[in-house]
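# Summary of the model geometry
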Amino acid sequence: MQEEVVIKAEKLTKRFGAFTATNEVTFEVHKGEIFGFLGANGAGKTTAMRMLCGLSIPSAGNATVAGFDVYKETEQIKKNIGYMSQKFSLYEDLTIEENLAFFGGIYGMSDSEIKTKSKQLIEQLGLQKEAKKLVQELPLGWKQKLAFSVAVFHRPKIVFLDEPTGGVDPVTRRQFWDLIYDASDSGITVFVTTHYMDEAEYCNRVSIMVDGVIAALDTPHNLKQQFKANSMDEVFYQLARGAKRSE
Amino acid sequence: MKQLFTFVKKEFYHVLRDKKVLFILFGMPIAQILLFGFALSSEVKDSRIIIVDYAKDIASQQISAKIEASRYFDVQKTVQTHQQIEDVFKEGVIKAAVVFPEDFMENLSRQKTAQVQLIMDATDINLANQISNYLSSIIRDYQQEQNITGALPYQITPEIRMLYNPQLRGAPNFVPGVMAMVLLLVCVMMTAIAIVKEKETGTMEVLLVSPMRPAMVIFSKAIPYLALSIVNICAILLLSVFLLDLPIKGSLFLLMGESCLFIITCLSLGILISIQTSSQQVAMLISLMGMMLPTLLLSGFMFPIENMPIPLQVISNIIPAKWYYIIVKDIMIKGAGFFAVWKETLVLAGITLLFFLISVKRFKIRLE
């Protein structure tokens, strides 16, 4: 794995009034890595991710994403990242092709590039027949895979996935992770939050947030050894049990 | 620029694929115009009227017979006193009364002029207008016949009294009202819903993470509704000119300019509502209850503002539709130029600017 750092957070903090959602979080993510960002509801994952995406200005600390500062260069950051929210976020009343054209367009891709890449992607996903159908006619699993493909359509340096596999069956989830591996192989850094501990095992490294701070950060293998656990599930359980905050 | 184009294209897909939206956008203005238009052109048939004949002479009886013979009128009964006239009008069945004064024939033969009083129930303005026109023409008819046979020409003057609504406010002016309503609905409600829908489905988040500037996102969402509103205005004007024979007396250019200003007012309002709310239902409720109702009640379209209690008159000043309604009425019906409506235009522009500034401010806060 290359050691080029693409996300760097130093004592990153976000306060909402008296409440500190994210407290002095420090970590680094390397290029091409699949970085799992775990934590119970309300642990501060989403807040941290929003700061890295340029959606929210940090209260204190520093961070750079793709080499750009989260305070001053959010516009540059936005050009270099892809994002998939926990809600399904394609336009249901547009066809697959129109969705691709739209998202390609707002990321400033040229028409010819959109055309060739759409064709390529649709073939790769085996959706030739559905290309002109409205997205609302697709089954959820397909939609989710499509949403991911749209998030990396403009070849971002980093893609942020916010609980991407909610409500999807295990088989589709596995297929979804194949797409993530493909993206990672092609050099895209993947920053993913999840609830599913089996998914945590697929990550190169995971960080587990508890009460706004990072309680553990290492490879799944090392974490299991460190906590003398058989699975990530147990690791997570040991850490999350101490949490004071809940939803 | 290309981003904007891509976005606006997508927005048109949304509108054109949603049959409900299309229906509201184009069905409603047409339906409203036709409804009002139909009410305007409705024929008077068998309207119930009464004849009060104090004269009981040949002339009065001949005219009464002519009225009774007409298929437009159904003469109900003959009453004798003014008090009785009041009473039958209050029952609401009788639409008009024809009153012959005591010395009708005498005046005709001696002074060559006499008066007939036509009393209308003007709560239904269109009907009152039409009945009075028909009655007047029957009387004119009679007069002409008599003038051919008679030795000397004489004159019968119908004296018309409109009961309950002497100024005949409302009906002929409904087109400006419909324009204001349609623009409000399209621009405020539709825009608010369209933006909130993106929030609801989660696509707004994706848009905010994209390199597209947030202000640009909002701006792009408003453009299709601006375009559609202009189409709507044109449709309403075409219908009113060609179907209802209501000409535009003033400058069309000025009218369109003022309409664009009002559209922008409505769009700013729609955007403001969308920023403050996060569900489509809430956005719709606020648009309907907070905007449509006050507009219907306080813009002067339905009810004359001059007759309202002072506090309501004061409140009516903050209703943008009131100013637009006055402007359109002045331009369309009175043929006024810009110098006649510059004050109203200024007020409308001020309100627009205010909404716009609040929206921008609130939007920035929301992003945090």
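Please refer to the structure higher up on the page.
In this report, the structure presented in the accompanying data block is examined. (Residues numbered from 1 in each chain as written. Chains lettered and ligands numbered in written order. Predicted model: local features only at pLDDT ≥ 70, side-chain atom pairs only at ≥ 80, totals over all residues. Heavy atoms only, no water.)

A count of helical and extended segments in chain A gives nine helices and ten strands. What you see for chain A is a C-alpha radius of gyration of 18 Å, in line with the 18 Å of a compact globule of 247 residues. Taking the principal axes of its C-alpha atoms as reference, chain A extends roughly 50 × 40 × 35 Å. Counting across all 247 residues of chain A, residues that qualify as buried make up 55%. If you take every contact in chain A between residues at least 6 apart in sequence, the share linking residues at least 24 apart comes to 69%. Roughly 10800 Å² of accessible area belongs to chain A as shown, and the carbon and sulfur atoms make up 49% of that amount. Computed over 29 positive and 32 negative side-chain charges, the inter-centroid distance for chain A is 3 Å. (Helix = DSSP H or I, 4+ residues; strand = E, 2+ residues; numbered from the N terminus. Rg over C-alpha atoms; globule rule 2.2 N^0.38 Å. Buried < 20%, exposed > 50% of the residue type's maximum accessible area, 1.4 Å probe, protein only. Contact = heavy atoms within 4.5 Å. Areas by Shrake-Rupley, 256 points an atom, 1.4 Å probe, with all protein chains shown as cover. Lys, Arg positive; Asp, Glu negative; His and termini not counted. Charge placed at Lys NZ, Arg CZ, Asp CG, Glu CD.)

Let's shift gears to empty space enclosed by the protein. A full pass over the atoms with the stated rule returns one cavity of 30 Å³ or more. When its volume is computed, the largest cavity comes out at roughly 80 Å³. Taken together, Y83, S89, L90, F103, Y107, A147, V150, A151 and H154 of chain A together with V206 of chain B form the lining of the largest cavity. Counting residues per element, the lining of the largest cavity draws most heavily on helix α5 (residues 140–151) of chain A, at three residues. Tallied by class, residues from the lining of the largest cavity come to eight nonpolar, two polar and no charged. (1 Å grid on protein atoms, 1.4 Å probe; cavity = no way out; pocket = protein on both sides within 12 Å on 5 of 7 lines; lining within 4 Å. Points joined across faces, edges and corners; volume = space filled by probe spheres on them. Nonpolar A, V, L, I, M, F, W, Y, C, P; charged D, E, K, R; others polar.)

Facing 25 residues of chain B, the contacting portion of chain A comprises 31 residues. Taking both partners together, chain B and chain A bury about 2500 Å²; carbon and sulfur atoms supply 59% of that area. Among the residues chain B hides against chain A, the three largest losses belong to V206, V209 and P211 of chain B. Together they make up 25% of the total. Between chain B and chain A we count two salt bridges in total. Ionic pairing is found between D111 of chain A and K2 of chain B, a salt bridge with its closest N-O pair at 3.4 Å. Summed over the shared surface of chain B and chain A, the number is ten residue pairs in polar contact (both at pLDDT 80 or more). Every element with two or more residues in the side of chain B that touches chain A is listed here: α1 (2–17), α7 (174–201) and α8 (203–209) of chain B. For the side of chain B that touches chain A, the leading source of residues is α1 of chain B, giving eight residues. In the side of chain B that touches chain A, the residues fall into nine nonpolar, seven polar and nine charged. (Buried area = accessible area lost by both parts, 1.4 Å probe. Salt bridge = Lys/Arg side-chain N within 4 Å of Asp/Glu carboxyl O. Polar contact = N/O pair within 3.5 Å; in protein donor to acceptor, adjacent residues only side chain to side chain.)

Attention now moves to helix α3 (residues 96–106) of chain A. Taken across its eleven residues, α3 of chain A has nine buried, putting it largely inside the fold. When α3 of chain A is considered as a whole, its buried residues turn out to be I96, E98, N99, L100, F102, F103, G104, G105 and I106 of chain A. Contact partners of the buried residues in α3 of chain A: α4 (111–125) and α5 of chain A together with α1 and α8 of chain B. One or two positions beyond α3 of chain A, positive phi appears at G108 of chain A, with a value near 75 degrees.

All names here are of chain A. Within the span of helix α9 (residues 232–240), buried status applies to M232, V235, F236 and L239. The buried residues of α9 occupy one face: seen down the axis, they fall within an arc of 95 degrees. Residues of α9 that are buried sit in contact with β3 (34–39), α7 (197–202), β9 (205–210), β10 (213–218) and α8 (220–226). (Arc of directions from axis to C-beta.)

Okay, the pairing of strand β1 (residues 47–53) of chain B next. Regular strands have side chains that alternate between both faces of the sheet. All names here are of chain B. Most of β1 is tucked away: six of the seven residues are buried. Pairing analysis gives five bridges linking β1 to strand β3 (residues 96–100), with the strands arranged parallel. Within the sheet, the bridge partner assigned to I51 lies in β3 and is V98. (Pairing = 2+ DSSP bridges.)

One finds I7, F27, F148, F160 and F191 of chain A to be the most contacted residues of the largest nonpolar core, which totals 156 residues. Considering each element in turn, this core owes the most residues, 20 residues, to α7 of chain B. Ignoring anything within four residues of it in the chain, the contact list for F191 of chain A reads I7, F27, V29, F35, F37, M49, L52, V159, F160 and L161 of chain A. Formed by 25 residues, the second largest nonpolar core is a distinct cluster that contains A59, A96, V116 and I138 of chain B. (Core = buried A, V, L, I, M, F, W, Y, C linked by side-chain atoms within 4.5 Å.)

This brings us to the sheet that holds strand β4 (residues 60–65) of chain A. Residue and element names in this part refer to chain A. Here we have four strands laid out as an open sheet, ordered β2-β1-β4-β5, and antiparallel in their pairing. The open sheet is flanked by β2 (19–30) and β5 (68–69), the only strands paired with a single partner. Relative to β4, strand β1 (residues 5–16) runs antiparallel, the two sharing five bridges. Within β4, the residue paired with E10 across the bridge is N62. Sitting on the sheet, helix α1 (residues 45–52) is in contact with β1, β2 and β4, with an inclination near 120 degrees to β1. (Axes fitted to C-alpha atoms, helices over the stretch in contact; angles between N-to-C directions.)

Time to look at the sheet that holds strand β6 (residues 81–84) of chain A. All names here are of chain A. Strand order across the open sheet formed by six strands is β6-β7-β8-β3-β9-β10, with mixed pairing between neighbours. Strand pairing shows two members of the sheet lacking a second neighbour, β6 and β10, which therefore form its edges. Averaged over all pairs of adjacent strands, the angle between their axes in this sheet comes to 15 degrees, without regard to strand direction. The pairing of β3 with strand β8 (residues 189–194) spans five bridges and is parallel. In the strand pairing of β8, G36 is matched with V192. Across the sheet, α5 lies against β6 and β7 (158–162), angled at about 160 degrees from β6, the strand it touches most.

What follows covers the packing of aromatic side chains. Residue and element names in this part refer to chain A. What the rule picks out here adds up to 17 aromatic pairs over all chains. When the ring of F35 is compared with that of F191, the centres are 5.7 Å apart and the planes differ by 25 degrees; the resulting orientation is stacked. Of this pair, F35 sits in strand β3 while F191 sits in strand β8, and the two are 156 residues apart along the sequence. Comparing F35 with F191, the two get one shared label, buried. An aromatic cluster of at least three residues, connected via ring pairs, comprises F27, F35, F37, F160 and F191. Over the ring of F153 we find K117; its NZ or CZ atom is 5.7 Å from the centre of that ring. One residue, K145, lies across the ring of W142, its end atom 4.3 Å from the ring centre. (Phe/Tyr/Trp six-rings, centres within 6.5 Å; stacked < 30°, edge-to-face > 60°. Lys NZ or Arg CZ within 6 Å of the ring centre and 35° of its normal.)

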